[in-house]
Amino acid sequence: MTMRPSILVVLLVAVLGFGVMVEARRVAAAEAEVARQLSALIGTRETIASIERHEGLRQTVEERRHPENDLGERVLDALASADVDEARFQGVSALGDQTLPDAGDRIERRRQLASMSLDQMTVAEVGRFLAAWRGANTAWHADGLDVRHTTGAGSAARFTMTMRVSAIYIAGSSDSNAEAGS
Amino acid sequence: MSGARMDLRWPADRFYWAVLDTSRLPATTGARRTAQLGYLFESVLPGVPIEAVHAVYERLPGDRVLACGLPVETVAAINGTTMTLAPEALPDFIEAPVSAERLNLLSGAYAPAGVRRARRVTLVLAALSLVVVSALVVTGLERRRAALLEHAAALEAGRREVILEVTGGSSTAATAQLALQLEGRRRLLERTRTIPGGASASIGAGDSQRGDADHALERLIAAWPTSATVRCRSIEIDESTISVVVLLNAMADEEVVRDALAETPGWTLTQPTVERRGAEIIATLRLERAVEENAP
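Only a predicted model underlies this, so the values are computations on that prediction, with no experimental measurement involved. (Residues numbered from 1 in each chain as written. Chains lettered and ligands numbered in written order. Predicted model: local features only at pLDDT ≥ 70, side-chain atom pairs only at ≥ 80, totals over all residues.)

## Let's talk about the overall build of chain B
For chain B, the helix and strand inventory stands at seven helices and ten strands. Burial status across chain B gives 21% buried among its 296 residues. For chain B, the proportion of contacts with a sequence separation of at least 24, taken over those separated by at least 6, is 49%. (Helix = DSSP H or I, 4+ residues; strand = E, 2+ residues; numbered from the N terminus. Buried ≥ 20, exposed ≤ 12 C-beta atoms within 10 Å, placed from the backbone. Contact = placed C-beta atoms within 7 Å.)

This is the structure:
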């Protein structure tokens, strides 16, 4: 049985057309991939710009809840930075944890409260320590200060300083959950 | 005959002729149409089966078709060098706006070998051209696709490099994973850094006085009297009050202390109390946070 030439031509056109169509679809898919990658790159650059913008801002909220040990290290860092003897540090104690009202952004925030004591501090050391603490721990606020004279007079006067601090942290982060469970 | 090309023109009376009424034929085309016209033509042939006649047909106005035929053996006997075979003119009894030249009997199966060969060559060349053009198109598309994929890969590599610069993450991690880390970093920063008017700034609204005890102490010490001998016993600072207990050398120093601490910015001094305990003169001063005029 022989086929008519016109049928052969139609079949040939169909086969070749199908091949071209398949290839065109592959090209379209590649174009879509380029568009997707370009969009992702633009999005990434915007994300990085946002990160750089935020990194220049003052930290007001802690990323996670800080255990007492961590807070103690922060105090020691501030003492070292203020050139105050670490032996002044008497310790940190947790004062509790408060739930904060929703700020309307569906992020659960809590406030952690703590107290720290420094002994035998001069007035100058108190000033230097507070400046160092404030500079390094922008999310921590000094809610209360209790400075009591212990010994000496004049520039040699020594004081015991107790500072109550608080910081807001994001309760939903995995870090804080892990710590809460520990 | 004309020139090298053999074109036969025979008298009309050597052909079978008919004008066929096709108004009742179903609308078909191609070989089926030719077969239907053949059966119509056969009905007017003088005892000759249509299989023994090679006919050509020419459409006429008004559902009519002009049929012109020759016995098959006559057509088959035509010399192979003859290109066309047509009547010299239409017979007198047929009035149709058709040129006799168009009724070429050397057609279809009886087309000259040269014509059939030329048609085959044309068809093969057309098919080859189609294949070549298609191959060129596919090759071009494939090259474009390869270039696009290369571009996409370069974009992804660039994105990955940018992310790694920021995150310092593992270079073996997938780009999507790195992007997720980056997004996580951005979200965390958005939640923990102050943006004027943003959500973080609104946290703690209502307790704006909270957390500046260190500033209060700073202001108090800046206002501390230097002209009198004052020994500090204690300073207590909370959100709304500062309590100061000092030892004085003389009752008159109380006024100096009071005047000095009254200058503490942002705080208002209330009536101090002074008491003598043995040899010590103890003054207790209380400052309250001043109400801001533009406070809500």
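## So, the overall build of chain A
A tally of helices and strands in chain A yields four helices and five strands. Secondary structure elements in chain A, listed N-terminal to C-terminal, are α-β-α-β-β-α-β-β-α. Across the 182 residues that make up chain A, the buried fraction comes to 28%. By sequence separation, contacts in chain A at least 24 residues apart represent 68% of the contacts at least 6 residues apart.

## Re the packing of helix 3 (residues 113-167) of chain B against helix 4 (residues 175-192) of chain B
All names here are of chain B. Following both chains from N to C, one finds helix 3 and helix 4 inclined at 45°, their axes separated by 10 Å at the closest point. Our classification of the angle between helix 3 and helix 4 gives oblique. Along this stretch, helix 3 crosses helix 4, giving a crossing that reads as left-handed. For the pair helix 3 and helix 4, contact is made by Glu156, Arg159, Arg160, Ile163, Leu164, Val166 and Thr167 and by Thr175, Leu178, Ala179, Gln181, Leu182 and Arg185, respectively. (Axes fitted to C-alpha atoms, helices over the stretch in contact; angles between N-to-C directions. Parallel < 35°, antiparallel > 145°, perpendicular 65-115°, else oblique. Left-handed = near helix turned anticlockwise from the far one by under 90°.)

## With respect to the interface of chain A and chain B
Listed as interface residues are 54 residues of chain A and, on the opposing side, 55 residues of chain B. For the side of chain A that touches chain B, the elements supplying multiple residues, two or more each, are helix 1 (5-55), strand 1 (61-62), helix 3 (123-136), strand 4 (140-151) and strand 5 (158-170) of chain A. When residues of the side of chain A that touches chain B are assigned to their parent elements, the largest contribution, 26 residues, is made by helix 1 of chain A. Of the residues contributing to the side of chain A that touches chain B, the split by class is 27 nonpolar, 13 polar and 14 charged. (Nonpolar A, V, L, I, M, F, W, Y, C, P; charged D, E, K, R; others polar.)

## Things to note about the packing of helix 1 of chain A against helix 3 of chain B
Closest axis-to-axis distance for the helix 1 of chain A/helix 3 of chain B pair is 9 Å, and the angle between their directions is 15°. Overall, the two elements helix 1 of chain A and helix 3 of chain B adopt an arrangement that is roughly parallel. Here the hand of the crossing between helix 1 of chain A and helix 3 of chain B comes out left-handed. Its residues assigned to classes, the contact of helix 1 of chain A with helix 3 of chain B comprises 29 nonpolar, six polar and nine charged.

## Section: the confidence of the model for chain A
Should pLDDT be low for a region, the predicted coordinates there are not to be read in detail. This prediction gives chain A a mean pLDDT of 86; 92% of its residues lie at or above 70. Across residues 174-182 of chain A, where pLDDT falls below 50, the model places ten contacts with residues more than four positions away in sequence or in other chains. (pLDDT = per-residue confidence, 0-100.)

## Regarding helix 1 of chain A
For helix 1 of chain A, built from 51 residues, the straight-helix expectation of 75 Å at 1.5 Å per residue is met to within 8% by its first-to-last C-alpha distance of 74 Å. Listing the buried residues of helix 1 of chain A in full gives Val27, Ala30, Gln37, Thr44, Ile51 and His54 of chain A. Lining the buried residues of helix 1 of chain A we find helix 3 and helix 4 of chain B. (Expected span 1.5 Å × (residues − 1).)

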